[in-house]
Amino acid sequence: MRIVVAGGDGFCGWPTALHLSNQGHEVTIVDNLSRRKWDEELHSNSVTPIASLEDRVEKWKELTGNEIKTFIGDLNHYDFLREVFRQTEPEAFVHFAEQRSAPYSMIDREHAVFTQQNNVIGNLNVLYAIKELAPDCHLIKLGTMGEYGAPNIDIEEGYIEIEHNGRKDVLPYPKQPGSFYHLSKVHDSHNIMFACKIWGIRATDLNQGIVYGLHTNETKMDPMLVNRVDYDGVFGTALNRFLIQAATGHDLTVYGSGKQTRSFLNIEDTVRCVQIAAENPADKGEFRVFNQFTEYFSVLELAEKVKKIAQEKGLDTELAYLENPRIEPEDHYYHAVNTGLRELGLEPHLLTDEVLHDILQTVIEHKDRVIKENVLPSITWK
Ligand code: NAD
């Protein structure tokens, strides 16, 4: 298939582009390289040294013979996006290209406005480009499990049957997100659902859990293909952040009680989930929703797991309980359904001690790159 991977220079997009290319798909990456610029703004970096996008795709071609075309530009520039569609005629458009940090979106008004403009307008442009230039193209959009929040009932996959005053309907599952970033994803979901209804677009919203790990079969093929790994208080996600803290002798910073429960998946499953969605497209007019995660843990459970394997490696690792910079329920019910992708063949890579040892070993190799002042949270929700 001809597949565009927007955001293909990022943490999830890069390994996904390689994986799809390795499966024989004709892959094009679109990215405006803004994630690299946000590192400059925050005086931060990836723990692993990442090559330029140009060098990455050149190395991939040298190793496999597969060409990945690249377009450097912004989804917010519609003329640019239109040109991408004209030249690539995509059958699937995988959309990772958004500002994805909740703390970044909560820095101040400018960052909240930027996040919602970048994400909501970029996604709206993609919907118009599909309508105008590739009406059969399947949109595969990365949403997040954070769209749902933590309701006191089971979280379904996108929809819930409601009985009210003696009548029944299947309605979109209620969303209670916890940051202006997460709200941008909810707005995206609404826009996509509406576009499916009025224009007959086919779309899959992948409500992804928090992704951990860094290597996939393809990124392991050469050091030039290594994936980025974020650890700072703004872009670092739980688990990867704990592993890097352990590697650098920093206490594992648990926010609040640590009882907050979230859903997780290995990056190796992210790439496979996107492949499954692409090869099993939604029907025309269908707004399909999958919850893309494999397990859930409380933040404290994760910190305890990391502490155990770090101590096995001889590292002196302790937990530090910080005042929670976020406003969120800490002690809550959490149970979410994730059967859609499993039914289409996903075989999960679970979070074993071996997996944790593996990631820890890689970050230990690069620990001298960590800028220690960036590890603690610096942004609050108040
Ligand atoms: P990332 O920041 O590493 O990658 C996003 C990429 O998109 C970057 O390379 C960036 O330069 C590019 N980009 C951003 N705005 C753009 C624009 N307007 N035009 C063109 N390119 C643009 O993020 P990631 O961790 O790879 O996440 C990818 C997607 O998956 C995001 O939409 C995110 O919301 C979603 N997601 C990620 C996680 C996670 O744990 N990483 C969890 C759930 C959902």
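Residues numbered from 1 in each chain as written. Predicted model: local features only at pLDDT ≥ 70, side-chain atom pairs only at ≥ 80, totals over all residues. Heavy atoms only, no water.

### Thoughts on unusual backbone geometry
Despite not being glycine, E89 has its phi angle at roughly 40 degrees, a positive value. The phi dihedral of L239 falls on the positive side, at around 80 degrees, and the residue is not glycine. Structurally, L239 is set in the loop between β9 (210–212) and α8 (240–247). For L239, a relative accessible area of 0% puts it in the buried group. (Helix = DSSP H or I, 4+ residues; strand = E, 2+ residues; numbered from the N terminus. Buried < 20%, exposed > 50% of the residue type's maximum accessible area, 1.4 Å probe, protein only.)

### Regarding the state of the cysteines
Scanning all chains against the criterion turns up zero disulfides. Left without a disulfide partner, C12 is nearest to the cysteine sulfur of C273, which lies 11 Å away. By relative accessible area, C12 is classed as buried at 13%. Its sulfur unpaired, C196 is 12 Å from the next cysteine sulfur, which belongs to C137. (Disulfide = S-S within 2.5 Å.)

### Things to note about the packing of α8 against helix α10 (residues 299–312)
Packing of α8 against α10 leaves a shortest axis separation of 10 Å and a crossing angle of 35 degrees. When the axes of α8 and α10 are compared, the crossing they make is right-handed. Touching F242, L243 and A246 of α8 are V299, L302, A303, V306, I309 and A310, all from α10. Residues belonging to the contact of α8 with α10 are distributed by class as follows: nine nonpolar, no polar and no charged. (Axes fitted to C-alpha atoms, helices over the stretch in contact; angles between N-to-C directions. Left-handed = near helix turned anticlockwise from the far one by under 90°. Contact = heavy atoms within 4.5 Å. Nonpolar A, V, L, I, M, F, W, Y, C, P; charged D, E, K, R; others polar.)

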